[in-house]
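Here's the letter readout for the chains.
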Number of protein chains: 2
Amino acid sequence: MKNLLFVIIVLCLSCSDSASDKSKTEQVVKEFLPVIALHGGAGDLKGLNLTPAEEQQYLIVMDSALHVGYQILVNGGSSLDAVESVIKIMEDSPLFNAGRGAVFSHEGKNELDAAIMNGRNQDCAAVAGVTIVKNPIQLVRHIMDSSRFVFLSGEGAEQYATDYKIPTVDPSYFFTQKRWDQYQEALKEDKEKLDHSPSSEKKMGTVGCVALDRYGNLAAGTSTGGITNKKYGRIGDSPVIGAGTYADNDGVAVSCTGRGEDFIKVAAAHEINSLVKYKKKSLKDAVEKTLKEIVSKKGRGGCIVLDQKGNYYLGFTTSGMFRGVIDAQGNKLVKIYE
Amino acid sequence: MKNLLFVIIVLCLSCSDSASDKSKTEQVVKEFLPVIALHGGAGDLKGLNLTPAEEQQYLIVMDSALHVGYQILVNGGSSLDAVESVIKIMEDSPLFNAGRGAVFSHEGKNELDAAIMNGRNQDCAAVAGVTIVKNPIQLVRHIMDSSRFVFLSGEGAEQYATDYKIPTVDPSYFFTQKRWDQYQEALKEDKEKLDHSPSSEKKMGTVGCVALDRYGNLAAGTSTGGITNKKYGRIGDSPVIGAGTYADNDGVAVSCTGRGEDFIKVAAAHEINSLVKYKKKSLKDAVEKTLKEIVSKKGRGGCIVLDQKGNYYLGFTTSGMFRGVIDAQGNKLVKIYE
């Protein structure tokens, strides 16, 4: 890891991430080389039988989201800004199960969950079950920056969005034919199966991003529509800080995707952080150990993980994970399958 | 720790906690000496100026709850059964901020959160924001034992309760004059302060229980009404697995109480588990380190922690915590202040 040591005049250490402990006078700052990674969900992606043209669509959105995030970092923006911007792009795309492309719940609604976390001080925020917020990642960023709340839900979280003028939309904004068809299919399966399992699990979605900025601060964010045909106000791991999302400058930034129930049981994101921070495991070993534990519970999915040295690992137990990274040397990778 | 090694005929390794991996044939089983601990919330308890008669009321409920839980354990019941029974008693008491005695939200409702976790296999369940479920701990136990869900919320969770015949009540069941007066006071303060801080924090409540059964299985549970005058569908740490509640036979069982936001940020319960499991910290050191981190974020509260050897620690940063324990030697302690 090549990091540069040099003196910069810190007139304003950038934007809303600036904190009282940051001096506004001249100081020696260790500069870090930015890294950004994202995922667009793991699952039986081979089973989706995407055409080359469809694959290309996914790759293009991930590629452009990565570049937007990376430019923010290179230009001295915070990792939180990069994470928020990347996830917003993926939420705005109908391709991913988050924001615009969210799946339908059992009641035929799009119930969105999201979380964001600052690795510098563990500030964070999450929302569950919002149905009118255009970009849940923007809502959680506002909650984190401008309130003492951490975890808001349902109509209450929507009231917060309205009170603080976070853009809202008519629920029909989230309608996409593809997700509606999946929902109809799931309803049919459900009727036949008469069990309580969330169906259509091969179409697991979720988007997430982890970033390291020039100031050495990690951030993580996750956004999802959950599982098609989800019932009973089900909340997955994405908005559970420590399960689907975590960030700690002394450990790692993590965003997970998969069957949320099993990620909650093992507190996956915080477990990976603990294995790196306290057991000194490599990122790969920490992720693989945690995913193995999840698989032992018949769960599956993936994680993207990044540390302050710019090391990263993108792990998954499925036939694919929409994913991409621009590393500390500026090398880019965008992939779907193994 | 004196543990006995002996042969018992395992005809049925007890109740709903029995699992497919448990052999029903004769086997050598290491028997553990049962331990149970509970809390009824931490806070500025000295500031409550309880009369000796009021203190006595709290001590009597905690004492009887402890005895009920301990008898279950001594008679070979599971730690999950003990935790559920103890918390049910505390939910049924109007003294504690859980179940019957829950505080009022900003909208004048009693919104209840709860969680339960099995240390043997990390099975768990949680609910947030239910308003008609008499005993939320009973609901989470059912979700854990009888569904593939982990985290349900709001009306959806209430629908689950109705579908599976978990006892529900008219919301007026949760009315207590004391909590209503606190709510009116908080509303008034809020109006004057016009800030976003949840008010009346000195009256933090929450109940929790951790237990070790004769089979060496740990369990943890937590139940709460949250914070008086809470807004925006706020969810605290209690139902966030890894924050307010966690259990791992290889680590510890934990239940926390306090300003939930800060417990979520540090994933308090899972952090304590990690410090014990991976850093080999003592329970006291793990709790104190985690609470110190929470205090550095201007948070406060407490935790009860128990390991498989029967070691326990009841820590808090406030002027008191309603708490009690019956240890491996059968010694009992029930206290309110330091």
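The model shown is predicted, which means the values in this text are computed figures rather than measured ones.

1. Some words on the sheet that holds strand β8 (residues 218-224) of chain A
Residue and element names in this part refer to chain A. With mixed pairing, the eight strands of this open sheet are ordered in space as β6-β5-β4-β8-β7-β3-β13-β14. The open sheet is flanked by β6 (151-153) and β14 (332-337), the only strands paired with a single partner. The mean angle between the axes of side-by-side strands here comes to 5°, regardless of whether they run parallel or antiparallel. Relative to β8, strand β4 (residues 112-118) runs antiparallel, the two being bridged by six bridges. In the sheet register, Asp-113 faces β8, and the bridge partner there is Thr-224. Contacts from helix α1 (residues 52-74) reach β3 (35-43), β7 (207-212), β13 (320-326) and β14, with the element oriented near 150° to β14.

2. Focus on the pairing of β7 of chain A
Residue and element names in this part refer to chain A. By the criterion of burial, β7 is predominantly enclosed, with six of the six residues buried. In β7, alternate side chains face the same way, and those of Val-207, Cys-209 and Ala-211 on one face and Gly-208, Val-210 and Leu-212 on the other are all buried. Where β3 lies against β7, five bridges are found, and the strand directions are antiparallel. Paired with Leu-38 across the strands is Cys-209, a residue of β7.

3. Quick notes on the pattern of salt bridges
Oppositely charged side chains can form a pair if their charged atoms are brought close together. Residue and element names in this part refer to chain A. In total, this model carries 28 salt bridges over all chains according to the counting rule given. Residues Asp-248 and Lys-277 are paired through a salt bridge, measuring 2.8 Å at the closest nitrogen-oxygen approach. One end of the pair, Asp-248, is in the loop between β9 (245-247) and β10 (252-258); the other, Lys-277, is in helix α7 (residues 268-277), with 29 residues separating them in the sequence.

4. Some remarks on the interface of chain B and chain A
Of the residues lining the interface, 45 residues belong to chain B; the matching set on chain A comes to 44 residues. Of the roughly 4,100 Å² buried between chain B and chain A on both sides combined, carbon and sulfur atoms contribute 58%. On the chain B side of the contact with chain A, Arg-148, Tyr-232 and Tyr-278 of chain B bury the most area, a combined 22% of that side's loss. Counting across the interface, chain B meets chain A through two salt bridges. Close ionic contact of Asp-123 of chain B with Lys-265 of chain A constitutes a salt bridge, the shortest N to O distance being 3.4 Å. Mapped by element, the contributors of at least two residues to the side of chain B that touches chain A are β6 (151-153), α4 (154-163), α6 (260-265), α7 (268-277) and α8 (283-296) of chain B. In terms of residue class, the side of chain B that touches chain A is made up of 20 nonpolar, 11 polar and 14 charged.

5. Considering a positive patch on the surface
Among the surface-exposed residues, Lys-30, Lys-280 and Lys-309 of chain A together with Lys-279, Lys-281, Lys-289 and Lys-292 of chain B lie close enough to one another that they form a single positively charged patch. Judged by its relative accessible area of 41%, Lys-279 of chain B is partly exposed.

6. Some words on the nonpolar core
With 98 residues, the main nonpolar core has Phe-151 and Cys-303 of chain A together with Phe-151 and Cys-303 of chain B as its most contacted residues. Phe-151 of chain A has contacts with Ala-126, Val-127, Ala-128 and Pro-239 of chain A together with Phe-151, Gly-233, Arg-234, Ile-235, Val-240 and Ile-264 of chain B, leaving out every residue within four places of it along the chain.

7. Section: the relation of the copies chain B and chain A
Of the transformation placing chain B onto chain A, the axial shift is 0.0 Å and the rotation is 180°, giving an RMSD of 0.0 Å. Taken together, the rotation and translation relating the two chain copies correspond to the operation of a two-fold axis. The fraction of interface residues of chain B whose copies in chain A are also interface residues reaches 98%, indicating that both copies meet through the same surface.

8. Some thoughts on the packing of aromatic side chains
Summed over the entire model, instances satisfying the criterion amount to 15 aromatic pairs over all chains. Relative to Phe-174 of chain A, the ring of Tyr-173 of chain A lies with its centre 5.1 Å away and its plane at 80°, an arrangement referred to as edge-to-face. By relative accessible area, which is 21% here, Tyr-173 of chain A ends up partly exposed. By way of ring pairs, the aromatic residues Phe-149, Tyr-160 and Tyr-164 of chain A together with Tyr-232 of chain B are connected into one cluster. Taking the ring centre of Tyr-173 of chain B as reference, the NZ or CZ of Arg-100 of chain B above it sits at 5.2 Å.

9. Re the environment of Phe-104 of chain B
All names here are of chain B. Here Phe-104 is to be found in the loop between α2 (79-92) and β4 (112-118). Each C-alpha atom, one on Phe-104 and one on Ala-115, is 20 Å from the other, the two residues being 11 residues apart in sequence. In this view, Phe-104 contacts Lys-109, Asn-110, Phe-175, Thr-176, Arg-179, Trp-180, Tyr-183, Ile-227, Thr-228, Asn-229 and Lys-230; residues no more than four positions away in its chain are not counted.

10. Here we look at unusual backbone geometry
All names here are of chain B. Non-glycine residue Tyr-232 carries a positive phi angle of around 55°. Tracing the chain through its elements places Tyr-232 in the loop between β8 (218-224) and β9 (245-247). Residue classification places Tyr-232 among the buried residues on the basis of a relative accessible area of 10%. Of note in this structure, Lys-280 is not a glycine but carries a positive phi near 55°.

The rules behind the values
- Sequence order as written defines residue numbering, which begins from 1 separately in each chain.
- Following the order in which they are written, the chains are lettered starting with A and the ligands numbered starting with 1.
- In view of the model being predicted, local features appear only for residues whose pLDDT reaches at least 70, and side-chain atom pairs are presented and counted only at 80 or more, with totals across whole chains, interfaces and linings using the full set of residues.
- To get the side-chain values, take all heavy atoms of the structure and skip hydrogens and water.
- Only when DSSP finds a minimum of two bridges between them are two strands counted as paired.
- Secondary structure elements are defined from DSSP: runs of H or I of at least 4 residues count as helices, runs of E of at least 2 residues count as strands, and each element is numbered from the N terminus.
- Note on geometry: axes are lines fitted to C-alpha atoms, helical ones only across the stretch in contact, with angles between N-to-C directions running from 0 to 180 degrees.
- The contact criterion used is simple: two residues touch if any of their non-hydrogen atoms lie within 4.5 Å.
- Per-residue accessibility, obtained with a 1.4 Å probe over protein chains only, is compared with the maximum for each type, and a residue is labelled buried under 20%, exposed over 50%, and partly exposed between these values.
- Salt bridges are counted wherever a side-chain nitrogen of Lys or Arg sits within 4 Å of a carboxyl oxygen of Asp or Glu.
- Each of two parts loses accessible area, computed with a 1.4 Å probe, when they are put together; buried area is these two losses added.
- When residues are sorted by character, Ala, Val, Leu, Ile, Met, Phe, Trp, Tyr, Cys and Pro go into the nonpolar class, Asp, Glu, Lys and Arg into the charged class, and all the rest, Gly among them, into the polar class.
- Note on patches: the residues involved have over 30% relative accessible area and no salt bridge, like charges join within 9 Å, and the nonpolar side chains Val, Leu, Ile, Met, Phe, Trp and Tyr join within 5 Å.
- In short, Shrake-Rupley with a 1.4 Å probe defines the accessible areas, and a residue's cover is counted only from the protein chains shown.
- Positive charges come from Lys and Arg, negative ones from Asp and Glu, while His and the chain ends are left out of the count.
- Every charge is mapped onto a representative atom, which is NZ of Lys, CZ of Arg, CG of Asp or CD of Glu.
- Only buried Ala, Val, Leu, Ile, Met, Phe, Trp, Tyr and Cys residues count toward a nonpolar core, and they belong to the same one when joined by side-chain atoms within 4.5 Å.
- The fit set for superposing copies consists of C-alpha atoms from residues with pLDDT of at least 70 in both; the fit itself is least squares.
- Paired rings are identified among Phe, Tyr and Trp, the last through its six-membered ring, by centres lying within 6.5 Å, and are further divided according to the angle between planes into stacked (under 30 degrees), edge-to-face (over 60) and tilted (the rest).
- A positively charged side chain is recorded as over a ring if its NZ (Lys) or CZ (Arg) lies within 6 Å of the ring centre. The angle to the ring normal must also be within 35 degrees.

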